[in-house]
Amino acid sequence: MSPAANVAGTVFVDDGLLTDTPDGPALLGSRCADCGAHTFPRQGGCPRCTGEAMQDVPLHRTGTLWTWTVQGFRPKPPYTGSATHEPYGVGYVELAGQLLVEARLTESDPARLRIGMPMELAIVPFREADGDGGDGGGGGPTHTFAFAPAGVDR
Amino acid sequence: MTGVAIVGAGMHRFGRTDGVSGRAQAVHAARAALADAGLKFSDMGFAFGGSHSAGDADTLVSELGLTGLPFINVYNGCATGGSALISAHAAIASGAQDVGIVIGFDKHPRGAFDTDPSEHGIGSWYGETGMMVTTQFFGMKIQRYLHDHDIEPGVLAAVAEKAFRNGARNPMAWRRKELSAAEIAAAPMISHPLTQYMYCSPGEGAVALVLARADRARDHTDRPVFLSGAAFRSRRYGSFEVFSPWLALDRADSPTSEASRAVFEQAGIAPSDVDVAQIQDTESGAELMHMAETGLCADGEQAELITSGATAIEGRLPINTDGGCLANGEPIGASGLRQVFENVLQLRGEAGDRQVPGGPEVGFTHVYGAPGISACTVLTREETR
């Protein structure tokens with residue numbers, strides 16, 4: 001497994017999804033050394049050329065919104081998000097030259113989401129501190145990755 | 001290669017049947033199909049079948065009869081029924097078998113499907129963080145499609161309105177109450193731009209079909225329907241499918257497009273020859289997108305076809321005449337076979353209040369399932385090849 005990223009002391013849902021870069025944590029993907037295809041998360045086989053020359057690569061921290069929706073109800077298990085449901089945005093963000101990554105969005109208002117808008121990676125809490133029904137790890141809330149409208153204060 | 005015919009069809013009504021197990025519904029459908037063909041279970045040379053959550057199909061032999069036949073379980077998500085039928089088609093077309101049965105059934109709890117990421121080779125984080133939800137995928141896929149083809153979202157309500165109108169004419173359907181487009185559009189939003197009544201619900205039901213060599217079909221029935229094509233495809237690099245934590249930048253044709261092209265070629269039939277079509281409508285947007293992916297129309301033509309009534313039972317391209325998944329719900333294992341059952345009735349002229357006028361001769365079915373698989377059939381009243 002990759003080394004866990006240093007996300008400022010927060011508990012992250014799966015440390016294998018992240019890596020450190022000089023600009024901060026980035027999603028950790030794979031790039032095929034033979035054909036250049038990318039995947040997220042990292043994997044050992046290339047889905048395009050069927051080869052096995054996959055190398056770890058940090059994914060871009062910014063992109064554009066390719067499509068989106070809003071999750072209107074609290075999903076059933078295996079969802080472990082906070083008990084009180086706030087609708088959350090979900091979308092695919094296009095990372096130029098790499099891939100489209102599926103992510104939660106920090107914006108959930110349909111009027112403020114549009115295809116093509118610039119987005120940037122964010123690390124956000126999605127469930128309360130473990131011990132309130134989480135995985136018993138203790139500490140603060142568990143975080144996951146998301147994309148936020150770029151240049152907007154959060 | 002020998003031709004393949006459907007010589008018997010049976011169904012247990014869809015919806016909620018409290019106190020009757022999914023397995024009992026499967027046995028009911030199998031007995032109905034056998035009776036329709038004038039055959040006994042002991043006449044069957046083979047069986048393919050499946051359910052997602054109501055048990056292993058092969059164990060139905062304890063009720064149907066311990067005859068020693070090869071009974072293969074199929075487990076292909078929403079395309080389970082379609083996959084079972086494709087397997088049966090191959091068994092007969094190859095000459096290996098003469099007559100057999102296909103059985104699809106299911107019984108799901110209420111509420112949206114929940115799926116375990118590990119069964120898809122995806123980390124548990126994907127489900128934990130709330131992305132392992134099929135309804136989200138459909139919202140995102142139709143959102144992009146409407147954007148790319150400049151279609152007004154209002155048409156999504158019209159698709160559901162037609163489904164409930166057709167379901168109201170179908171005694172086997174779950175939802176038999178008509179709803180207006182305005183009521184559908186005003187329902188609670190599930191995943192923007194799709195409201196509650198634009199989605200189907202997990203449900204219950206069973207369908208069975210008896211298949212035989214085409215050259216012996218008339219030994220069993222005087223109204224055989226020929227399975228002139230059956231094709232199945234999985235996703236390719238670049239297609240946009242359910243449960244994808246990432247997508248390629250390249251766009252490729254969907255498994256639906258590829259399976260449809262293959263099935264029409266197999267049958268020697270053009271999409272424009274189709275008289276009645278059942279296509280996967282797990283939500284309104286799916287019907288709209290699949291109309292084009294199957295080749296029944298061009299991208300962007302759907303709004304005109306839907307609002308003009310062309311896809312209604314009396315229109316020139318009737319789609320989902322039994323109410324589709326929207327009115328019937330989705331018992332995963334049975335759903336694809338329900339579509340074939342409906343086309344068998346339509347081609348025999350036995351669809352009652354929802355019969356397509358003019359004596360349809362060519363039927364098309366398409367079922368789509370996670371994680372990006374598609375199964376299509378072409379049914380005809382006469383052998384095409």
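Residues numbered from 1 in each chain as written. Chains lettered and ligands numbered in written order. Predicted model: local features only at pLDDT ≥ 70, side-chain atom pairs only at ≥ 80, totals over all residues. Heavy atoms only, no water.

In the nomenclature of an unreviewed UniProt entry, chain B corresponds to Lipid-transfer protein from the organism Pseudonocardia autotrophica.

Under an unreviewed UniProt entry, chain A has the name DUF35 domain-containing protein and belongs to Pseudonocardia autotrophica.

Residues and elements named next belong to chain A. If you check the domain split of chain A, you get domain 1 (15–59) and domain 2 (60–129 + 139–153). Taken together, the contacts link 13 residues of domain 1 with 11 residues of domain 2. Counting each side, the surface lost to burial between domain 1 and domain 2 is near 940 Å², with a carbon and sulfur contribution of 72%. Three residues, L27, H38 and L59, lead the burial of domain 1 against domain 2; their summed loss comes to 52% of the area buried on that side. Taken together, the links from domain 1 to domain 2 amount to zero salt bridges. When residues of the side of domain 1 that touches domain 2 are traced back to their parent elements, those giving at least two are β2 (18–21), β3 (24–32) and β4 (38–39). The leading source of residues in the side of domain 1 that touches domain 2 is β3, at four residues. Of the residues contributing to the side of domain 1 that touches domain 2, the split by class is eight nonpolar, four polar and one charged. (Domains from an automatic or database assignment. Contact = heavy atoms within 4.5 Å. Buried area = accessible area lost by both parts, 1.4 Å probe. Salt bridge = Lys/Arg side-chain N within 4 Å of Asp/Glu carboxyl O. Helix = DSSP H or I, 4+ residues; strand = E, 2+ residues; numbered from the N terminus. Nonpolar A, V, L, I, M, F, W, Y, C, P; charged D, E, K, R; others polar.)

So, about the UniProt feature "domain: ChsH2 C-terminal OB-fold" (unreviewed entry) in chain A. When the UniProt feature table is mapped to this numbering, "domain: ChsH2 C-terminal OB-fold" (unreviewed entry) covers residues 57–123 of chain A. For the annotated span residues 57–123 of chain A, helix accounts for 0% and strand for 49% of the residues, and the straight-line distance between the end C-alpha atoms is 19 Å. (UniProt positions renumbered as here; feature names shortened; annotations may be inferred.)

Quick look at the UniProt feature "domain: Thiolase C-terminal" (unreviewed entry) in chain B now. Per the UniProt record, the feature "domain: Thiolase C-terminal" (unreviewed entry) sits at residues 254–379 of chain B. Between the end C-alpha atoms of residues 254–379 of chain B there is a gap of 22 Å, over a span that is 40% helix and 15% strand.

We now examine the packing of helix α5 (residues 134–149) of chain B against helix α10 (residues 284–293) of chain B. Residues and elements named next belong to chain B. Between α5 and α10, whose axes approach to 10 Å, the crossing angle comes to 55°. Taken together, the axes of α5 and α10 lie oblique to each other. Where α5 crosses over α10, the two elements pack in a sense that is left-handed. Between α5 and α10, the residues in contact are K141, I142, Y145 and L146 and G285, L288, M289, A292 and E293, respectively. (Axes fitted to C-alpha atoms, helices over the stretch in contact; angles between N-to-C directions. Parallel < 35°, antiparallel > 145°, perpendicular 65-115°, else oblique. Left-handed = near helix turned anticlockwise from the far one by under 90°.)

Right, let's get into the pairing of strand β12 (residues 373–380) of chain B. All names here are of chain B. Burial runs high along β12: eight of the eight residues are buried. Going residue by residue along β12, you find I373, A375, T377 and L379 tucked away on one face and S374, C376, V378 and T380 tucked away on the opposite face as well. Of the pairings in the sheet, the one linking strand β8 (residues 225–234) to β12 comprises eight bridges and is antiparallel in character. Considered in β12, the bridge of G229 is made with V378. Note: strand β11 (residues 362–369) against β12, eight bridges, orientation antiparallel. Looking at β12, one finds that G363 is bridged to L379. Here β11 folds back onto β12, and the loop between the two strands holds three residues, one of which, G372, carries a positive phi near 125°. (Buried < 20%, exposed > 50% of the residue type's maximum accessible area, 1.4 Å probe, protein only. Pairing = 2+ DSSP bridges.)

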